[in-house]
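Structure at a glance
Single-letter residue listing:
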Amino acid sequence: AQSVSQHNHHVILSEAASLELGCNYSYGGTVNLFWYVQYPGQHLQLLLKYFSGDPLVKGIKGFEAEFIKSKFSFNLRKPSVQWSDTAEYFCAVNAGRDDKIIFGKGTRLHILP
Amino acid sequence: KAGVTQTPRYLIKTRGQQVTLSCSPISGHRSVSWYQQTPGQGLQFLFEYFSETQRNKGNFPGRFSGRQFSNSRSEMNVSTLELGDSALYLCASSPDPAKNIQYFGAGTRLSVL
């Protein structure tokens, strides 16, 4: 069965620190990959997506993610975080013939001012 | 353009009762997906509807059912409620299920007593 693993459940960083959130998936075929973000009190919203082409994907608010097919990974990065990046981040994969989207369990990111 | 609208926002039920949740997608979107979000399990896919047909279904018991109307509005029904059904139920709409860029509603928080 397809699955998505987010290894970091809770991350605490200081402002200006660099961020990398891990995401690994289990599926051997073609995948579409997403990162969603949920700011406190707000809806889930799309941060960035990968369908095909350049494996380094730029998203909103300075985020980027790199698809490494050989590692089944799609890690989220940001060179310098801000207090406003405090949120929960979800990795998601859309794979297989049935097109279901599978979400990871999320990573809570807390940025210290 | 109005976003995804879910009603009601909050609901309290007792064990054994049944509940119906409603989702109005963004105008023009024909794909609607439902998710259950709990602290322990994260976001779990329930089902997806497109043009009044169920395209995909997650691993939930038959007590969970849904439907989509000709105007793309969708309802989700849970019968014989159990305490473990307490969760935030999220609806997401998408213009094109092949791309699967999803726009989420605020959710309906269901508490089962």
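Reference entry: report on the structure contained in this document. (Residues numbered from 1 in each chain as written. Chains lettered and ligands numbered in written order. Predicted model: local features only at pLDDT ≥ 70, side-chain atom pairs only at ≥ 80, totals over all residues. Heavy atoms only, no water.)

Okay, the overall build of chain B next. Across its full length, chain B carries zero helices and eleven strands. For chain B, the C-alpha radius of gyration of 13 Å lies close to 13 Å, the compact-globule estimate for 113 residues. Taking the principal axes of the C-alpha coordinates as reference, chain B spans close to 35 × 25 × 25 Å. Looking at the 113 residues of chain B, the share that counts as buried comes to 50%. Partitioning the contacts of chain B with sequence separation of at least 6, the portion at a separation of at least 24 is 53%. (Helix = DSSP H or I, 4+ residues; strand = E, 2+ residues; numbered from the N terminus. Rg over C-alpha atoms; globule rule 2.2 N^0.38 Å. Buried < 20%, exposed > 50% of the residue type's maximum accessible area, 1.4 Å probe, protein only. Contact = heavy atoms within 4.5 Å.)

Let's shift gears to the nonpolar core. All names here are of chain A. Judged by nonpolar contacts, the single largest core of 29 residues is most densely connected at L33, W35, L48, F74, L76 and Y89. The element that contributes the greatest number of residues to this core is strand β10 (residues 87–95), accounting for five residues. If we skip the residues at most four places from it in the chain, Y89 touches Q6, L21, W35, Y36, V37, Y39, L47, F63, L76, G106, T107 and L109. (Core = buried A, V, L, I, M, F, W, Y, C linked by side-chain atoms within 4.5 Å.)

What follows deals with the interface of chain A and chain B. Counting from both sides, the interface comprises 17 residues of chain A and, opposite them, 19 residues of chain B. Summing both partners gives a buried area of about 1,600 Å² for chain A against chain B, and 54% of it is carried by carbon and sulfur. There are zero salt bridges connecting chain A and chain B. Where chain A meets chain B, there are two residue pairs in polar contact (both at pLDDT 80 or more). Ranked by residues supplied to the side of chain A that touches chain B, first place goes to strand β5 (residues 31–38) of chain A with four residues. Taken together, the residues that form the side of chain A that touches chain B break down as eight nonpolar, four polar and five charged. (Buried area = accessible area lost by both parts, 1.4 Å probe. Salt bridge = Lys/Arg side-chain N within 4 Å of Asp/Glu carboxyl O. Polar contact = N/O pair within 3.5 Å; in protein donor to acceptor, adjacent residues only side chain to side chain. Nonpolar A, V, L, I, M, F, W, Y, C, P; charged D, E, K, R; others polar.)

So, on to the state of the cysteines. Residues and elements named next belong to chain A. Within the structure shown, the criterion is met by two disulfides over all chains. Through a disulfide, C23 is tied to C91; the S-S separation comes to 1.9 Å. Looking along the S-S bond of the C23-C91 disulfide, the torsion reads about -65°, which is the left-handed sense. You can see C23 sitting in the loop between β3 (19–21) and β4 (24–26) and its partner C91 sitting in strand β10, a full 68 residues away along the chain. (Disulfide = S-S within 2.5 Å.)

Summarising the element assignment, L43(B) is placed in strand β5 (residues 42–50). Placed 24 residues apart in sequence, L43(B) and R67(B) show a C-alpha to C-alpha distance of 20 Å.

Here we come to the sheet that holds strand β8 (residues 74–78) of chain B. Note: strands within a sheet are paired through backbone hydrogen bonds, in either parallel or antiparallel orientation. Residue and element names in this part refer to chain B. Read across the sheet, four strands follow the order β1-β3-β8-β7 without closing on themselves; strand pairing throughout is antiparallel. Two strands close off the open sheet at either side, each with one partner strand: β1 (5–7) and β7 (64–68). Pairwise comparison of adjacent strand axes, ignoring direction, gives a mean angle of 20° for this sheet. Bridging between β7 and β8 involves five bridges; their strand directions are antiparallel. Along β8, the bridge assignment pairs G66 with M76. (Pairing = 2+ DSSP bridges. Axes fitted to C-alpha atoms, helices over the stretch in contact; angles between N-to-C directions.)

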